[in-house]
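# Structure assessment
Read off the chains here:
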Amino acid sequence: MARVLVNRCQNSKMIGYCNRRHQHFGKVCVVLVLMIAIVAGCAATSNVPDRSCAAGPKQACATSCGQQSAMPERIILNLTAAPATSQAVTWRTRYPVDHPKAQIAPASGMADFDKNARSVDAQSQTVAMGKGHAVVHHTVVFEGLTPDTMYAYRVGAGGAWSEWNQFQTASREAEAFSFIYFGDPQEEIKSKCSRIFRAAYRKAPHADFWHFVGDLVDNGDRDGEWGELFDAMGWIARNTPMIMLPGNHEYPNRRKVNGENYHLFPLWRPHFTLPENGPAGLEETVYFIDYQGARLVMLNGNERLNDQALWLDRVLADNPQHWTIVAIHQPIYSTGKYRDSQKRQNLFVPIFDKYQVDLVLQGHDHTYSRSARLKNGARDETGTVYVVSVSGPKSYPVNPRYEDLMEASGTGSQLFQVIHVTPDRLDYESYDAAGTCCDVFTLKKP
C-alpha cells in the first residue's frame, strides 16, 4: 500500500427582391427563394447554431449549410478496455450520410503518411431531437493497433471528412503516464469552462488522457448544453482520449422522477464509446480500464449501488496492477452543504479498505477537499486518499462535517488536477484557472 507525502446561416433580407414590382426578376426570385429555403432549413435543423455564414455571400452560405449537414462534428476519442491495442472515436452528423467510416494510419512526419490508410466502417445510431428532427451519431473502434504508437485518423463519408487527428496508444507495460482529472463542469460551460480546459492543456499538453467524474452538463436532456461542452473542449477531445462517468445531472431530477422511470438520459451513450465490462444494464457508466500499471475503475453513483458493490469486489479481487484508482461522482465523505453519503460509505469503504485502493476521485459537491489517508472512516497511514474537485464556476460552501479527516479544503475556484503515475510513485497537483498550484501530495509504493 502506498504512503502519502503532503505537499455554433441566418435568414437574410433576400425576400425583399421578390415583390410584385420586380416581376422581370422572376427567375432570380425563384433562385433566391430556394436559397432561403436551404438556409432556413439548415438553421431550423441545427441544435448548435453556426453563424459562420451570416456575413458571407448568399450562394456561399447556401452551399456551406448543405456541407455542414454532412460534416462530422462533436468528434471525441475515448479509451477502451484495451488501450494498448484499440481506440474508440465517436462523432455525429446532422443528417444521415452514406457509408460513414473512419480512416487510420501510423503517424509519421511525411506528408504522404495517409497513402496506406485503412478504412473502418462505422456503426450509426439515429437520435431523435424533438419537433420531428433527428441527428445521427457514429462510432468506430480501431482494433489491432500496435502498443505505444502514434496514429493519425479522420472520420467522415463521401466528400465530407474531418481533418486528420492523432493519438497515442498505451504501452502494455507498467510505465509512467499522466492524466488530468476534472470535477463537474456543469454550468456556463462554453463561457467559463473553456478557460479551465485550455489552462489544463497548457499545463499538461502531453497528458495521456482526461478524466471527467460526472455532471458534464447541467441538463443532460438538452442537446445545446452538450454542444457547449464540445465547443469548450474544442480540438483537444479529437487528440486526447477521454474517460467519462455520469453524474446526477446526466439523469432526471430524483425529486421528480423515481422508480422505473429513473434512467440515464438518452443523450449520454450516443455521444461516447466507453467500455462495457461492467454490470449488465449499466454499460458505459460502470467499467474499468487497465492503463500502464494502474486499474482505473468507474462507478455510477446514481443507481444500483448494491450491484456495483458486488461487481467492484470481484474486479478488485483479481487486480494485478500496481495502482488502483476509483472514480465516482458523489463523494464518499461529502464536504458539500447539506450533503452526506452514508449508504455509499457503508457499501464501498469496506471494499476500498479490503483491497487497499490508493485514490478515489469525486465531484458533485462544488467544493475542493482532499482527505488524509483513511481506513474505516479514520486516519490511517495505510488507507485511501479521497479527493473532491470542481472545474465549473458553480460553488457551494464547505461543510465542516468531516473537517477532522481533511488535509485541504476550499471553495470558489475553478480547478483541474494533473496526476503523474510511475510504477512506484503517484504525484498529484491541483491548479486553478490562472495556473496557480493549490494543493499537492505524493503517494509512494514500498
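From a predicted model like this one, the values you see are computed outputs, not experimental measurements.

## Quick look at the overall build of the protein chain
Counting secondary structure elements, the protein chain contains eight helices and 25 strands. In the protein chain, which comprises 446 residues, the share counted as buried stands at 54%. Carbon and sulfur atoms provide 50% of the accessible area of the protein chain, an area that totals close to 19,400 Å².

## With respect to the sheet that holds strand S15 (residues 294-298)
Taken in spatial order, the seven strands of this open sheet run S14-S15-S16-S17-S21-S18-S22, and their pairing is mixed. Only two strands of the sheet have a single partner each, and these edge strands are strand S14 (287-291) and strand S22 (406-410). Taking each pair of neighbouring strands and ignoring which way they run, the sheet shows an average axis angle of 10°.

## What to know about the confidence of the model for the protein chain
Confidence in the prediction for the protein chain averages 88 pLDDT; 85% of positions are at 70 or higher. Under a pLDDT of 50 for its full length, residues 3-64 has, in the predicted model, 82 contacts with residues more than four places off or in other chains.

## A closer look at the pairing of strand S16 (residues 323-327)
Burial analysis of S16 places five of its five residues in the buried class, the great majority of the element. Here S16 shows no split at all, with Trp323, Ile325 and Ala327 on one side and Thr324 and Val326 on the other all buried. Relative to S16, S15 runs parallel, the two being bridged by five bridges. If you follow Leu296 over to S16, its bridge partner there is Ile325. Regarding the hand of the β-α-β motif, the stretch spanning S15, helix H7 (residues 305-317) and S16 is right-handed. In this sheet, strand S17 (residues 359-362) lies alongside S16 in parallel orientation, the contact comprising three bridges. Looking at the pairing, Ala327 lines up with Leu361 of S17.

## What to know about the packing of aromatic side chains
Throughout the structure, instances matching the rule amount to 28 aromatic pairs. Here the aromatic rings of Phe197 and Phe212 are separated by 5.7 Å at their centres, their planes lie at 85°, and the arrangement is edge-to-face. In this pair, Phe197 sits in helix H3 (residues 189-203) while Phe212 sits in strand S12 (residues 209-212), placing the two residues 15 residues apart along the sequence. The pair Phe197 / Phe212 is uniform in exposure class, with both members buried. Judged by centre distance (5.4 Å) and plane angle (80°), the rings of Tyr333 and Tyr402 are edge-to-face. Residue Tyr333 is found in the loop between S16 and helix H8 (342-354), and its partner Tyr402 is found in the loop between strand S21 (385-388) and S22; the two are separated by 69 residues along the sequence. By relative accessible area, which is 10% here, Tyr402 ends up buried.

## Concerning the nonpolar core
Core analysis: the biggest nonpolar cluster contains 70 residues, and Phe197 and Trp210 have the highest contact counts within it. Top element by residues in this core is H3. It accounts for six residues. Ignoring sequence-local partners within four residues, the contact set of Trp210 consists of Ile180, Phe182, Phe197, Ala200, Tyr201, Ile236, Thr240, Pro241, Met242 and Ile243. By size, the runner-up hydrophobic cluster in this structure holds 27 residues, among which are Val286, Val297, Leu312 and Phe352.

## Brief notes about the environment of Arg222
Summarising the element assignment, Arg222 is placed in the loop between S12 and helix H4 (223-233). Distance in space between the C-alpha atoms of Arg222 and Leu267 is 8.3 Å, their sequence separation being 45 residues.

## Here's the deal with the packing of H3 against H4
Any two packed helices are characterised by the angle at which their axes cross and by the distance between the axes. The contact between H3 and H4 brings their axes to 8 Å, and the two run at 30°. Of the possible angle classes, the one that applies to H3 and H4 is roughly parallel. In the crossing of H3 with H4, the sense of the turn from one axis to the other is right-handed. Packed against H3, whose contacting residues are Ile189, Lys190, Ser194 and Phe197, the element H4 presents Glu225, Glu228, Leu229, Asp231, Ala232 and Met233 at the interface. Considered class by class, the residues forming the contact of H3 with H4 number five nonpolar, one polar and four charged.

Conventions used here
- Residues numbered from 1 in each chain as written.
- Predicted model: local features only at pLDDT ≥ 70, side-chain atom pairs only at ≥ 80, totals over all residues.
- Heavy atoms only, no water.
- Helix = DSSP H or I, 4+ residues; strand = E, 2+ residues; numbered from the N terminus.
- Buried < 20%, exposed > 50% of the residue type's maximum accessible area, 1.4 Å probe, protein only.
- Areas by Shrake-Rupley, 256 points an atom, 1.4 Å probe, with all protein chains shown as cover.
- Pairing = 2+ DSSP bridges.
- Axes fitted to C-alpha atoms, helices over the stretch in contact; angles between N-to-C directions.
- pLDDT = per-residue confidence, 0-100.
- Contact = heavy atoms within 4.5 Å.
- Right-handed = clockwise from strand over helix to strand, strands pointing away.
- Phe/Tyr/Trp six-rings, centres within 6.5 Å; stacked < 30°, edge-to-face > 60°.
- Core = buried A, V, L, I, M, F, W, Y, C linked by side-chain atoms within 4.5 Å.
- Parallel < 35°, antiparallel > 145°, perpendicular 65-115°, else oblique.
- Left-handed = near helix turned anticlockwise from the far one by under 90°.
- Nonpolar A, V, L, I, M, F, W, Y, C, P; charged D, E, K, R; others polar.

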